[in-house]
Protein chains: 2
Amino acid sequence: MLLKPSFEDLKKELKNRNINLSYQRLSVLEYLTQNRCHPTVDQIFTDIHKEIPTLSKTTVYNTLRVLIEAGLVRVITIEDNETRYDIEVKDHGHFKCESCGTIYDFCINMDMLNSGDLNNFKINDKNVYFKGVCPRCLSNKNENK
Amino acid sequence: MLLKPSFEDLKKELKNRNINLSYQRLSVLEYLTQNRCHPTVDQIFTDIHKEIPTLSKTTVYNTLRVLIEAGLVRVITIEDNETRYDIEVKDHGHFKCESCGTIYDFCINMDMLNSGDLNNFKINDKNVYFKGVCPRCLSNKNENK
DNA sequence: ATTATAATTGTAATGATAACAACTTTGTTA
DNA sequence: TAACAAAGTTGTTATCATTACAATTATAAT
Ligand SMILES: [Mn+2]
Ligand SMILES: [Mn+2]
Ligand SMILES: [Zn+2]
Ligand SMILES: [Zn+2]
């Protein structure tokens with residue numbers, strides 16, 4: 001199973017890397033640990049803005065860049081028109097339901113994947129994206145027959 | 001190995017689907033069969049524009065949409081700031097070199113990948129994206145030591 | 001040849017992200 | 001603690017990719 005890093009663990013990680021623990025950064029970081037739905041910048045901004053009305057969207061972008069560079073957040077580009085963010089940086093796949101839009105995590109065996117074509121390549125980043133229809137939407141469709 | 005469909009094969013495919021074979025559409029289609037570097041819209045437009053000065057970028061977008069809907073072209077979203085297009089629709093992975101920008105194809109065993117988490121999901125589309133440094137750039141780096 | 005349908009074109013609108021400079025907060029030093 | 005320097009935040013503006021739209025042109029059907 002995927003390990004879920006706690007907010008406190010992540011705070012320590014940032015401190016270790018000498019990254020300043022500003023109120024806004026901690027707020028974004030905490031949001032990501034509690035909302036593991038792979039949110040967009042707009043979702044993150046809109047939600048935190050309710051708590052911190054002075055928050056700027058630029059800060060959300062800046063913070064995400066810092067967290068990504070620190071290796072604490074990964075980018076999900078399963079769709080060409082929306083960038084999403086994931087606090088879980090361990091290898092795992094993403095499935096997007098084309099009906100309800102939900103993005104599901106799933107386990108993958110990355111070793112099985114590497115066919116040997118990439119023997120002499122230095123691999124830094126791996127992403128697996130599937131699309132289709134989730135079980136919930138499939139059963140809803142059957143009910144409406 | 002991956003099969004490379006010929007321009008003529010693809011023309012027949014379009015005819016079968018009653019998709020109009022306009023000069024511009026055929027031009028884009030032929031470009032994709034001959035430039036398998038996963039080009040962006042801008043690359044496609046700029047190159048074909050040299051031959052067809054009246055070509056509009058809107059037409060390139062429209063044509064790509066038609067070809068994608070027909071299942072003859074697939075979208076590559078390995079980077080969040082550039083959408084790329086691939087005439088090869090068979091399952092295969094993509095590796096982007098972070099140094100030279102080249103996107104390499106590689107073989108994958110998709111069946112090995114599916115861990116069972118997605119047993120009840122209907123899967124329509126699969127993409128595997130890796131990033132890192134390609135052998136050529138790795139050896140260049142060593143030379144400059 | 002005429003007419004209807006579809007495709008193309010150029011421009012304008014949209015929306016996500018980045019650049020920027022002014023302002024504010026934080027950390028450091030005395 | 002006070003003063004200063006560095007870093008972070010904010011709001012605005014700029015940029016760029018993509019889409020919407022209406023006018024024009026090309027294709028298909030009769
Ligand atoms: Mn995830
Ligand atoms: Mn490819
Ligand atoms: Zn669903
Ligand atoms: Zn390279």
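Everything numeric here is computed off the predicted structure, so don't read it as measured data. (Residues numbered from 1 in each chain as written. Chains lettered and ligands numbered in written order. Predicted model: local features only at pLDDT ≥ 70, side-chain atom pairs only at ≥ 80, totals over all residues. Heavy atoms only, no water.)

**Quick word on the coordination of the zinc ion (ligand 4)**
Residues and elements named next belong to chain B.
Next up, step 1: Coordination of the zinc ion (ligand 4) by the protein is provided by Cys97 (SG), Cys100 (SG), Cys134 (SG) and Cys137 (SG), with metal-donor distances spanning 2.2 to 2.4 Å.
Next up, step 2: The coordination sphere of the zinc ion (ligand 4) comprises four donor atoms, whose angles at the metal cover 105 to 118°; the geometry is tetrahedral.
Next up, step 3: We note that the donor set of the zinc ion (ligand 4) lies within a single chain, spaced as C-x2-C-x33-C-x2-C. (Donors = N, O, S within 2.8 Å, 3.2 Å for Na, K, Ca; no water. Tetrahedral: all angles 85-135°; square planar, octahedral: opposite > 155°, others 65-115°.)

**A few points about the domain arrangement of chain A**
Residues and elements named next belong to chain A.
Next up, step 1: Per the domain assignment, the segments making up chain A are domain 1 (7-86) and domain 2 (93-143).
Next up, step 2: Taking only C-alpha atoms, the centre of domain 1 and the centre of domain 2 are 23 Å apart.
Next up, step 3: Between domain 1 and domain 2, roughly 860 Å² of surface is buried when both sides are summed, and carbon and sulfur atoms account for 51% of that area.
Next up, step 4: In this structure, the connection of domain 1 to domain 2 is made through three salt bridges.
Next up, step 5: Glu79 is the salt-bridge partner of Lys131, the closest N and O atoms lying 3.0 Å from each other.
Next up, step 6: At the junction of domain 1 and domain 2, the tally comes to nine residue pairs in polar contact (both at pLDDT 80 or more).
Next up, step 7: Class assignment of the residues belonging to the side of domain 1 that touches domain 2 gives a composition of three nonpolar, two polar and five charged. (Domains from an automatic or database assignment. Buried area = accessible area lost by both parts, 1.4 Å probe. Salt bridge = Lys/Arg side-chain N within 4 Å of Asp/Glu carboxyl O. Polar contact = N/O pair within 3.5 Å; in protein donor to acceptor, adjacent residues only side chain to side chain. Nonpolar A, V, L, I, M, F, W, Y, C, P; charged D, E, K, R; others polar.)

**Description of the packing of helix α1 (residues 7-16) of chain B against helix α2 (residues 23-34) of chain B**
All names here are of chain B.
Next up, step 1: Taken N-terminus to C-terminus, the directions of α1 and α2 make an angle of 140°; their axes are 10 Å apart at the nearest point. Here α2 runs oblique to α1, going by the angle between their axes. Taken as a pair, α1 and α2 cross one another with a handedness that is right-handed. Here Phe7, Leu10, Lys11 and Leu14 of α1 lie close against α2, whose contacting residues are Leu26, Leu29, Glu30 and Thr33.
Next up, step 2: Counted by class, the contact of α1 with α2 contains five nonpolar, one polar and two charged residues. (Axes fitted to C-alpha atoms, helices over the stretch in contact; angles between N-to-C directions. Helix = DSSP H or I, 4+ residues; strand = E, 2+ residues; numbered from the N terminus. Parallel < 35°, antiparallel > 145°, perpendicular 65-115°, else oblique. Left-handed = near helix turned anticlockwise from the far one by under 90°. Contact = heavy atoms within 4.5 Å.)

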